[in-house]
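Read off the chains here:
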Amino acid sequence: MLKNDFHRDLQFSHSAEDLPLWGVIYNKAFPGNHGFANMRDNGQTQYLGIDRTIILSSGKAIYVDEKIRRKDYGDILIEYISNDQKKTKGWAEKPLFCDYIAYAILPSKMCYLMPVPQLQKAWLENKQIWLSMYGKKEAENRYYKTINCPVPINVLFKAIGQTLRIDFCRS
């Protein structure tokens with residue numbers, strides 16, 4: 001079985017970090033921004049899940065964790081276990097400082113911006129259902145596995161949308 005090579009995958013990710021697609025994405029998502037900076041060389045921001053900082057015209061900073069996928073399966077892989085040997089939580093469950101996850105799928109030329117608090121709430125509310133419906137995908141690395149759940153894009157965004165509607169009459 002072909003194992004993932006974390007360092008090779010990280011190299012691919014870093015080779016994609018300066019692709020023009022990110023400028024197109026951020027200029028469309030945040031019109032009139034005052035620029036964006038690559039934060040990958042800063043270990044502390046990397047630990048917090050920040051790959052890019054976007055500065056809005058108001059001066060507000062938006063922090064983004066970037067994911068890039070080489071194939072389009074019609075889903076978004078929700079990483080809920082980063083390292084099965086160390087039992088570390090994936091980005092769907094661990095505390096993150098970033099505001100969005102930008103999930104770019106190269107073949108479809110589509111990027112999905114997911115607000116982190118709502119994404120994580122949707123995951124926690126639907127985790128058991130999604131795991132039973134869609135299963136899990138294990139990415140074999142040299143000494144550990146990363147475990148993901150492939151959630152169809154329309155299902156995920158419907159659930160994220162539901163988290164933005166709060167019924168304050170019921171507890």
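Residues numbered from 1 in each chain as written. Predicted model: local features only at pLDDT ≥ 70, side-chain atom pairs only at ≥ 80, totals over all residues. Heavy atoms only, no water.

Looking at the packing of aromatic side chains
Right, on to step 1. Under the definition given, this model contains seven aromatic pairs.
Right, on to step 2. A centroid spacing of 5.7 Å and a plane angle of 50 degrees characterise the contact between Tyr-112 and Phe-157, whose relative ring orientation is tilted. One end of the pair, Tyr-112, is in strand S7 (residues 110–115); the other, Phe-157, is in helix H5 (residues 153–163), with 45 residues separating them in the sequence.
Right, on to step 3. Residue Tyr-112 is classed as buried on the basis of its relative accessible area, which comes to 19%.
Right, on to step 4. Its relative accessible area of 30% is what places Phe-157 among the partly exposed residues.
Right, on to step 5. What links up through ring pairs into an aromatic cluster is the set Trp-22, Tyr-26 and Phe-36. (Phe/Tyr/Trp six-rings, centres within 6.5 Å; stacked < 30°, edge-to-face > 60°. Helix = DSSP H or I, 4+ residues; strand = E, 2+ residues; numbered from the N terminus. Buried < 20%, exposed > 50% of the residue type's maximum accessible area, 1.4 Å probe, protein only.)

Quick look at the pairing of strand S3 (residues 61–69)
Right, on to step 1. Where burial is concerned, most of S3 is hidden: seven out of the nine residues are buried.
Right, on to step 2. As paired elements, strand S2 (residues 52–55) and S3 share four bridges and run antiparallel to each other. Each residue of the ladder has a partner; that of Ile-55, found in S3, is Ala-61.
Right, on to step 3. Judged from the six bridges that link them, S3 and strand S6 (residues 100–105) form a sheet pairing that is parallel. (Pairing = 2+ DSSP bridges.)

Notes on the packing of helix H4 (residues 116–134) against H5
Right, on to step 1. Where H4 meets H5, the axes come as close as 9 Å, and the angle between the chain directions of the two elements is 140 degrees. Accordingly, the angle class assigned to the pair H4 and H5 is oblique. In the crossing of H4 with H5, the sense of the turn from one axis to the other is right-handed. Packed against H4, whose contacting residues are Gln-118, Leu-119, Lys-121, Ala-122, Glu-125, Asn-126, Trp-130 and Tyr-134, the element H5 presents Val-155, Leu-156, Ala-159, Ile-160 and Thr-163 at the interface.
Right, on to step 2. Looking at the contact of H4 with H5 residue by residue, the class counts come to eight nonpolar, three polar and two charged. (Axes fitted to C-alpha atoms, helices over the stretch in contact; angles between N-to-C directions. Parallel < 35°, antiparallel > 145°, perpendicular 65-115°, else oblique. Left-handed = near helix turned anticlockwise from the far one by under 90°. Contact = heavy atoms within 4.5 Å. Nonpolar A, V, L, I, M, F, W, Y, C, P; charged D, E, K, R; others polar.)

Observations regarding unusual backbone geometry
Residues apart from glycine generally show negative phi values, whereas peptide bonds are mostly found in trans.
Right, on to step 1. With a phi angle near 60 degrees, Lys-87 is a residue other than glycine that sits in the positive phi range.
Right, on to step 2. As for its position among the elements, Lys-87 is in the loop between strand S4 (75–83) and strand S5 (88–89).
Right, on to step 3. Assessed through its relative accessible area of 69%, Lys-87 is described here as exposed.
Right, on to step 4. The residue Lys-109 is not glycine, and still its phi comes out positive at about 55 degrees.
Right, on to step 5. Lys-109 sits in the exposed class, given a relative accessible area of 74%.

Here's the deal with the environment of Asp-84
Right, on to step 1. With respect to the secondary-structure elements, Asp-84 resides in the loop between S4 and S5.
Right, on to step 2. Judged by its relative accessible area of 17%, Asp-84 falls in the buried class.
Right, on to step 3. Put simply, Asp-84 and Lys-145 are 61 residues apart on the chain and 5.4 Å apart in space, counted from C-alpha to C-alpha.
Right, on to step 4. For Asp-84, the residues in contact, after removing those within four places along its chain, are Tyr-144, Lys-145 and Ile-147.
Right, on to step 5. Within the local environment of Asp-84, its side chain forms a polar contact with the backbone nitrogen of Lys-145, the two atoms lying 2.6 Å apart. (Polar contact = N/O pair within 3.5 Å; in protein donor to acceptor, adjacent residues only side chain to side chain.)

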